[in-house]
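Listed here are the chains, written in short residue letters.
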Amino acid sequence: MNELLIIAAPEVLEKRNGWLASLRNERRLSPNTLDAYERDTRQFLTFLTGHCGGPATLRDLHTLRTADLRGFLAARRREGSGNRSLGRHLAGLRSFLRHLERQGLVNAAAAGAIRAPKQGKSLPKPLTDRQALRVTTADSQLHDEPWIAARDAAVMTLLYGCGLRISEALELTPADIPSHATSLRITGKGGKMRIVPLLPAVHVSVDAYKRLCPYVLPAGEVLFRGARGGALQPAIIQRAMQKLRSALGLPDTATPHALRHSFATHLLAGGGDLRTIQELLGHASLSTTQIYTGVDSARLLEVYDRAHPRA
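All values reported here derive from a predicted model rather than from experimental measurement. (Residues numbered from 1 in each chain as written. Predicted model: local features only at pLDDT ≥ 70, side-chain atom pairs only at ≥ 80, totals over all residues. Heavy atoms only, no water.)

The next thing to look at is helix α10 (residues 200-212). Here α10 spans 19 Å end to end across 13 residues, near enough to the 18 Å set by a 1.5 Å rise per residue. Every buried residue belonging to α10 is among V202, H203, S205, V206, A208 and Y209, and all of these are buried. For α10, the secondary structure elements touched by its buried residues are α8 (146-162). (Helix = DSSP H or I, 4+ residues; strand = E, 2+ residues; numbered from the N terminus. Expected span 1.5 Å × (residues − 1). Buried < 20%, exposed > 50% of the residue type's maximum accessible area, 1.4 Å probe, protein only. Contact = heavy atoms within 4.5 Å.)

What follows is about the packing of aromatic side chains. As enumerated under the stated definition, the model contains 7 aromatic pairs in all. Ring-pair connections join several aromatic residues into one group, and the members of that group are W147, Y209, Y215 and F224. The lysine or arginine in question, R151, covers the ring of W147, its NZ or CZ lying 5.7 Å from the ring centre. (Phe/Tyr/Trp six-rings, centres within 6.5 Å; stacked < 30°, edge-to-face > 60°. Lys NZ or Arg CZ within 6 Å of the ring centre and 35° of its normal.)

Side chains of strand β2 (residues 193-197) alternate between two faces, with R194 and V196 buried and M193, I195 and P197 left unburied. When strand β1 (residues 183-187) meets β2, the two strands line up antiparallel, connected through 5 bridges. Paired with T187 across the bridge in β2 is M193. In sequence, β1 turns back onto β2 through a hairpin of 5 residues, with G190 there showing a positive phi of about 65°. (Pairing = 2+ DSSP bridges.)

Located in the positive-phi region is R28, a residue other than glycine, with phi close to 55°. Tracing the backbone through its elements, the reader meets R28 in the loop between α1 (10-25) and α2 (31-52).

The subject of this paragraph is the pattern of salt bridges. One pass over the full model with this rule turns up 8 salt bridges. In this structure, R16 engages E38 in a salt bridge whose closest nitrogen and oxygen atoms are separated by 2.9 Å. Here R16, found in helix α1, pairs with E38, found in helix α2; they are 22 residues apart in sequence, far enough to count as distant. A salt bridge links D68 to R65, with the shortest nitrogen-to-oxygen separation between them at 3.0 Å. The network of salt bridges with common partners includes R16, E38 and R42. (Salt bridge = Lys/Arg side-chain N within 4 Å of Asp/Glu carboxyl O.)

All right, on to the packing of helix α4 (residues 66-78) against helix α5 (residues 83-102) then. Contact geometry of α4 with α5 gives a least axis separation of 10 Å together with a crossing angle of 145°. Judged by the twist between their axes, the crossing of α4 over α5 is right-handed. Between α4 and α5, the contacting residues are L69, F72, L73, R76 and R77 on the first element and N83, L86, H89 and L93 on the second. Its residues placed into classes, the contact of α4 with α5 shows 5 nonpolar, 2 polar and 2 charged. (Axes fitted to C-alpha atoms, helices over the stretch in contact; angles between N-to-C directions. Left-handed = near helix turned anticlockwise from the far one by under 90°. Nonpolar A, V, L, I, M, F, W, Y, C, P; charged D, E, K, R; others polar.)

The values reported here are purely geometric and, on their own, carry no functional implication.
So this is what it looks like as structure tokens:
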């Protein structure tokens, strides 16, 4: 973060750094969430400095009114933030202010008194089973280097075959996937551990990549490598999927994360129960997993409307 861009009193910046460190080291929030909370509080402090006419102090935070917070959310909405982003802004500010309140520095009542904007329900956009299978084959990958094509196929196969997040797949080491393994131990968001089955197709794909990879792959280092041998970055896989969308005629919603959605949706359609799918995905709450029932119902209605003679 660049604190030269934050107009706030040093005491506020110091407390903010401590809060962010506690989120990273104690609560073990994901890097994406940490980046979002850093950005949200930076924007809020910048807004508050203009709102109060000077660098934001702990006293300014102590005397916050609900009107001040609503003014910030209104400013963010004018900048284009939707309800989901506004809800995240508010969640980050509440966390920061409650952190200060526990230290006896501010009163966080104003933040607790504001209700988050209602979130519209948006269903995940999975690929069809045929589309997912095409994306995960080495022959479909658009790269002249055979080992890179095999690498991309192996990553895609892990996302679809095991329901992994892209960050989880790229953190794997060769020791995590020994040739005899029948399951995979994953550390997900918040340090939550889960075990997912390793399908034979996943082993085949990963083994093909290992055979072709020109770099030494020590057991304790990252498995997937970039073209120059460093750790493979998520953006590379995202770009590979973007090229596949064009080549295979896939929808714009076909992203690496859509393969995780496809994993859950296809399991549910095949008779999997929600509790098991929740465990496989590493969701803390069943309500998060239940969104896939909406996808399955929507697909059933689509088939009904298209195929039933009286539809």
